[in-house]
Amino acid sequence: EIRKKHIAHAVHRQFYYKDPPMFVAGKRQYLFDETGRRYLDLWGGISTVSAGHSHDKIREAINKQLGTLQHTSNVFLHNKVNEYAKLMLEKFPKESRLSCIYFCNSGSEANDLAIMMARAYTGALEIVGLRKAYHGASAGNLPLTALPLYRKHCMPIVNVSQIMSPDPYRGIWGGSKCRDGPCQTLRSCDCQDDECHAAEMYAQQYKDHLFHVCPSGGGLAGFIAEGIGGMSASMMAPKGFFKKAYAITKEYGGVNIMDEVQTGFGRLGTHYWAFEYHGVKPDIITAAKSIGNGFPLAMVVSTPEVSEAFANSGFHFNTFGGNALSSAAGIATLQAMDEDDLMRNSDVVGTRFLEGFNELRSKYDIIGDCRGKGLFMCLELVESQSNNTPLPLYHMMALHETIKNHGIIMGRTGPFGNCFRIQPPMCVSADDADFTLGVLDTVLSDYVSGNIDVEKFKSN
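Before going into details, it helps to say that this report is about the structure given with it. Not measured: the values here are computed from a predicted model.

## Regarding the overall build of the protein chain
Logical step 1: Helix and strand counts for the protein chain come out as 14 helices and 15 strands.
Logical step 2: In summary, the protein chain has a C-alpha radius of gyration of 22 Å against a globular reference of 23 Å for 460 residues, a match within 12%.
Logical step 3: In terms of overall dimensions, the protein chain has C-alpha extents of about 65 × 55 × 45 Å along its principal axes.
Logical step 4: At a minimum sequence separation of 6, the contacts of the protein chain that also span at least 24 residues come to 71%.

Quick look at the structure:
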């Protein structure tokens, strides 16, 4: 009752569950409700819990720091932030030239800052993103967040535009040879193994867009995109798209911004950062979520030239960014992920999930697509693979609730709300993957047999 009346109405009127669980504890990849029931957490606090709930090393580091120095303004000196920055920069390849860090508190704040830096460096205003992207819910980011659920009439859209999402499943171009990963779309395409026609077509669409919004060949501040889409339900661009798009950005004098808020820190399994996976060199990256294992922490990292231009453009200040407590949490999280070998685990266990999803798609006609890399995954449900019409929302709600009742928590997302989003703590195990695949098999079987009452989830 307190929550309904007094806390964040815009959030809590959109419950994910008809009967939402109340969690009182968590350990590693598991959550526990007030009755003591255990749930497998396959959403990780929206791709945020990286090393695992209540990780001993991280908890101890935070408690230890609380006993000495919690906070000073970042205009004063303390050594924790220096220690943290040094450790963080070791995670970037030297050839990337990403070497200047601004610590902040959330992904939204980081993306706001990245846009300011791009405009300061270029002297231009236009920012271009992708349709279906999510970059945050702040006033500055909502114009970039091109999803119907987040578009508000009160949000002005000035000097921000979107290009077509390079989506091999629902986009105009792309098919069964376009993705780099275990899961391909079912539709055919004329791409070759060494040359993706779809990537070229989407890139040319970006170039045509710039021709019209930047007619003089200038005026572009930056291009921003996630390496794999989060709210767009693990949308994976065709192989080579980012290399082509980044080159076009440079032709128009802009900077490239890679939003690593959900993809960073080894979650993709084979690479620490999505920009490495795509083989590109962004001028700016943003990171959050997994960076602090649930602690409110984020950062922007840029090349020296971009940082210097921003410093010369005016004064920037962040009250909490890089304070002693958040730095201690960040250091311990980086160390825990390394010590627990979570990037390798993301690769091994993620592949097990994805191969299992392929098998389920072969068995159930309502799985239109499965996609992802490492522990960044999605299942998209449809009425039939023959038409790919999104499964009605109330059917998704019924399936979501049933999966929860089997002891699994996962996200639900996508422009049509018909995608299950799976981004668990990176310590999830192969046994957890097998358990999940078994539950999904059971639930989908019950659904197609008519044994799940979907009508009670239908809105009046």
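## Re the packing of helix H7 (residues 197–213) against helix H8 (residues 241–251)
Logical step 1: With their axes 9 Å apart at the nearest point, H7 and H8 run at an angle of 20 degrees to one another. By the angle between their axes, H7 is roughly parallel relative to H8. In this structure, the crossing between H7 and H8 has a hand that is right-handed. Side by side, H7 and H8 meet where Ala-199, Glu-200, Tyr-202, Ala-203, Tyr-206, Lys-207 and Leu-210 of the first sit next to Phe-241, Lys-244, Ala-245, Ile-248, Thr-249 and Glu-251 of the second.

## A look at the packing of aromatic side chains
Logical step 1: Scanning the model with the defined rule gives 16 aromatic pairs in all.
Logical step 2: Taking the centre distance of 6.5 Å and the plane angle of 15 degrees together, the rings of Trp-273 and Phe-275 count as stacked.
Logical step 3: The class of Phe-275 is buried, set by a relative accessible area of 2%.
Logical step 4: With 6.0 Å between their ring centres and 50 degrees between their planes, Phe-353 and Phe-357 make a pair best called tilted. A residue pair is termed a helical-turn pair when its members lie 3 or 4 positions apart in one helix, as Phe-353 and Phe-357 do in helix H12 (residues 342–363) at 4 residues. Across the pair, exposure class does not vary: Phe-353 and Phe-357 are buried alike.
Logical step 5: Taken together, the aromatic side chains of Phe-92, Phe-265, Tyr-272, Trp-273 and Phe-275 make up a single cluster linked through ring pairs.
Logical step 6: A cation over a ring is seen here: Lys-18 above Phe-457, with NZ or CZ 5.4 Å from the ring centre.

## Here we look at the sheet that holds strand S1 (residues 23–27)
Logical step 1: Across the sheet, 4 strands lie side by side as S1-S2-S3-S13; this open sheet has mixed pairing. Looking at which strands have only one partner, the edges of the open sheet turn out to be S1 and strand S13 (408–409).

## A word on the sheet that holds strand S7 (residues 220–226)
Logical step 1: One open sheet holds the 7 strands; their spatial order is S4-S10-S9-S8-S7-S5-S6, and the pairing between them is mixed. The sheet terminates laterally at strand S4 (100–104) and strand S6 (160–163), the two strands that pair on one side only. In this sheet, neighbouring strand axes are inclined to one another by 20 degrees on average, regardless of whether the strands run parallel or antiparallel.
Logical step 2: Of the strands in this sheet, S4, strand S9 (284–287) and strand S10 (298–302) are in contact with helix H10 (residues 304–313), which crosses S4 at around 60 degrees.

## Quick notes on helix H13 (residues 393–405)
Logical step 1: For H13, with 13 residues, the first-to-last C-alpha span of 18 Å sits near the 18 Å given by 1.5 Å per residue.
Logical step 2: Counting buried positions along H13 yields 10 of 13 residues, so the element is predominantly enclosed.
Logical step 3: Within two residues after H13, Gly-407 carries a phi angle of roughly 95 degrees, on the positive side.

## What about the layout of surface pockets?
One way to see where empty space is left: roll a probe the size of a water molecule over the atoms.
Logical step 1: Empty space within the second largest pocket amounts to approximately 370 Å³.
Logical step 2: In terms of lining residues, the second largest pocket is bounded by 16 residues, among which Asn-74, Val-81, Ile-101, Phe-103 and Gly-321 are the most central.
Logical step 3: Of all elements in the fold, only helix H5 (79–89) and S4 reach the threshold of two or more residues within the lining of the second largest pocket.
Logical step 4: Residue classes in the lining of the second largest pocket are distributed as 9 nonpolar, 7 polar and no charged.

## Overview of helix H4 (residues 56–66)
Logical step 1: What H4 keeps buried is the set Ile-58, Ile-62 and Gln-65. Taken around the axis of H4, the buried residues stretch over an arc of 70 degrees, which confines them to a single face. Facing away from the buried side of H4 by more than 90 degrees, the exposed set consists of Glu-60 and Lys-64.
Logical step 2: Those residues of H4 that are buried are in contact with H5 and helix H11 (324–339).

Analysis parameters
- Once a new chain begins, its residue numbering starts again from 1 and follows that chain's sequence as written.
- With the structure being a predicted model, the display of local features is reserved for residues of pLDDT at least 70 and the display and counting of side-chain atom pairs for 80 or more, all residues being used for whole-chain, interface and lining totals.
- To obtain the side-chain values, all non-hydrogen atoms of the structure were used and water was disregarded.
- A run of H or I in DSSP becomes a helix once it reaches four residues, and a run of E becomes a strand once it reaches two; helices and strands are each numbered from the N terminus.
- For this measure, only C-alpha atoms enter the radius of gyration; the expected value for a globule follows 2.2 Å times N^0.38, where N is the number of residues.
- By definition in these notes, contact holds between two residues if any of their heavy atoms fall within 4.5 Å.
- Where helices are involved, their axes are fitted lines through C-alpha atoms of the stretch in contact, as for all axes, and angles between N-to-C directions lie from 0 to 180°.
- Roughly parallel covers angles under 35 degrees, roughly antiparallel covers those over 145, roughly perpendicular covers 65 to 115, and oblique covers all other angles.
- When the near helix sits turned anticlockwise from the far one by under a right angle, the crossing is termed left-handed; a clockwise turn instead gives a right-handed crossing.
- When the centres of two rings from Phe, Tyr and Trp lie within 6.5 Å, Trp using its six-membered ring, the rings pair. Their planes under 30 degrees apart give stacked, over 60 give edge-to-face, and anything left gives tilted.
- Per-residue accessibility, obtained with a 1.4 Å probe over protein chains only, is compared with the maximum for each type, and a residue is labelled buried under 20%, exposed over 50%, and partly exposed between these values.
- A ring is scored as having a charge over it whenever the NZ atom of a lysine or the CZ atom of an arginine sits within 6 Å of its centre and within 35 degrees of its normal.
- Here a strand pair is declared whenever DSSP counts at least two bridges between the two strands.
- What a helix is expected to span follows from its residue count: subtract one and scale by 1.5 Å.
- Points on a 1 Å grid, built from protein atoms alone, make a cavity when a 1.4 Å probe fits but cannot get out and make a pocket when they are open with protein on both sides within 12 Å along at least 5 of 7 lines; residues with an atom within 4 Å of a point are the lining residues.
- Grid points are joined across faces, edges and corners, and a volume is the space filled by probe spheres set on the points.
- Just so you know the grouping, Ala, Val, Leu, Ile, Met, Phe, Trp, Tyr, Cys and Pro go in nonpolar, Asp, Glu, Lys and Arg go in charged, and all remaining residues, Gly too, go in polar.
- Here, the arc refers to the directions that run from the helix axis to the C-beta atoms.

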